[in-house]
Amino acid sequence: MAWLKPMLKLQSASRAPSRFARSAAQHLGKKFSPVFEIRSSPGKGLGVFATKNTPRNADIMRDPLAFRAWKGEDIVERYLGFIMLPVTTRQNILKLSVGQTVLDYRAIVDETYPRDNDYDVFKLDDINNTNAFTIAHDTGLAGELFLNACRINHSCIPNADQVANEGTGDLVMRANRDINADEEVTTSYIMRAAPREIRQRELSERWGFTCQCPACDPGHPFSHSHERRLHALLRTYKDSACYLDDDGRLKSAEKWPYAALEQVAGSFRRRTELLTEHHSLRSYTREVYLGAFEVAIAKYKLRRVRSDLEEALKLLELTIQAERVYFEEAIARSHEELYARLERGDISGV
Ligand SMILES: [Zn+2]
């Protein structure tokens, strides 16, 4: 489902200023110093913890790529790439946890390769399934291992998100709310906007654990309000499903009457309200702003009402703000050029 895709995040304009906001601004553009440590997390093995108060939108970690496995790649070919790595990198990768559904390597390998006994081919595949971050490249999807980031434990209401890597190949983890010193850093392994039942099934099937975050604890008051929010969010997607494609963007923009576009715009507004209610959901707002922008442009093309163009400009500005923080500069720049053309009333590019 389109709305289940992980999206990028945006600093909410309506949110109260962060209590660490001043220091967040000071962090930008400065040489990065890691603000985390890896240590035991009760009941979860190892975890990543903040070593100092970390403001919302500050980077916690910039973790270099250790190993990349292309989706669909043959596991033996993958292993041949793996053995070219420096020995310490290989050793560190092989220390990573394997899944609960881990294969019985020894039995399989003894049967298939009785003379070789190279269990690591299979172990690497399972380590990758359990620990890798899925990264989209122009050439396809890859599972990428980052030795520090893969120690971050899951929460359905995480305090950190993975953001665009600025062309370095590093995995950048950024706080989506203020994080206190000694607080555990968490991220979401799954589509956090899915209802609890779906989240728990996915976590159990792929990672073999039951999440005990406040959103998953039926006895926690937060879980009720959050679950209501997620179901309301789901309804906004169902309400406008016939107008949108799989990516949640307006399809066949020219065929809808103005009243229908207003309905879709209302659905996008409601979605934005719900997403900005909780820090863990704001990572989806950039795509919603962009979708709402396209609807406003479609409305403007039909009636040439100035307020529709102003609405489109406002939504594009919010999109650009997000891209400046969470994307590579080139993406924001192309939208800035579009903004300049729209301001002049030139809609030829949209
Ligand atoms: Zn949870």
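Our structure is the block above this text.
Quick summary incoming for the structure in this document. What you see is a predicted model; the values in this text were computed from it and never measured.

**Considerations on the sheet that holds strand β3 (residues 59–63)**
Next, step 1: Taken together, the three strands give an open sheet; going across it, the order is β3-β9-β8, and neighbouring strands pair in antiparallel fashion. Of all the strands in the sheet, just β3 and β8 (160–163) have a single pairing partner and so form its edges. When strand polarity is set aside, the average angle formed by the axes of neighbouring strands in this sheet is 20°.
Next, step 2: Two strands pair when backbone bridges link them, and β8 and strand β9 (residues 171–175) are joined in this way by four bridges, in the antiparallel orientation. The partner of Gln162 across the bridge, within β9, is Met173.

**Describing the side chain of Arg174**
Next, step 1: Counting through the fold element by element, Arg174 comes out in strand β9.
Next, step 2: Reaching out from Arg174, the side chain makes a polar contact with the side chain of Asp59 at a distance of 2.5 Å.

**Digging into the packing of helix α2 (residues 75–82) against helix α5 (residues 120–131)**
Next, step 1: At a closest axis distance of 9 Å, the pairing of α2 and α5 adopts a crossing angle of 95°. When the axis of α2 is compared with that of α5, the two are roughly perpendicular. Contacts between α2 and α5 involve Ile75, Val76, Arg78, Tyr79 and Phe82 from the former and Asp120, Val121, Phe122, Leu124, Asp125 and Asn128 from the latter.
Next, step 2: When its residues are assigned to classes, the contact of α2 with α5 shows seven nonpolar, one polar and three charged.

**Concerning the coordination of the zinc ion**
Next, step 1: In this structure, Cys156 (SG), Cys211 (SG), Cys213 (SG) and Cys216 (SG) serve as the protein donors to the zinc ion, at separations of 2.3 to 2.4 Å.
Next, step 2: What the four donor atoms of the zinc ion show is an angle range of 98 to 115° at the metal, which sorts the shape as tetrahedral.
Next, step 3: Of note, the zinc ion draws all its donor residues from one chain, in the sequence arrangement C-x54-C-x1-C-x2-C. Here the residue Cys156 occupies a position in the loop between β7 (153–154) and β8, and Cys211 occupies one in the loop between α6 (196–207) and α7 (221–239), the gap between them amounting to 55 residues. Each member of the pair, Cys156 together with Cys211, is buried.

What counts and what doesn't
Residues numbered from 1 in each chain as written. Predicted model: local features only at pLDDT ≥ 70, side-chain atom pairs only at ≥ 80, totals over all residues. Heavy atoms only, no water. Pairing = 2+ DSSP bridges. Helix = DSSP H or I, 4+ residues; strand = E, 2+ residues; numbered from the N terminus. Axes fitted to C-alpha atoms, helices over the stretch in contact; angles between N-to-C directions. Polar contact = N/O pair within 3.5 Å; in protein donor to acceptor, adjacent residues only side chain to side chain. Parallel < 35°, antiparallel > 145°, perpendicular 65-115°, else oblique. Contact = heavy atoms within 4.5 Å. Nonpolar A, V, L, I, M, F, W, Y, C, P; charged D, E, K, R; others polar. Donors = N, O, S within 2.8 Å, 3.2 Å for Na, K, Ca; no water. Tetrahedral: all angles 85-135°; square planar, octahedral: opposite > 155°, others 65-115°. Buried < 20%, exposed > 50% of the residue type's maximum accessible area, 1.4 Å probe, protein only.

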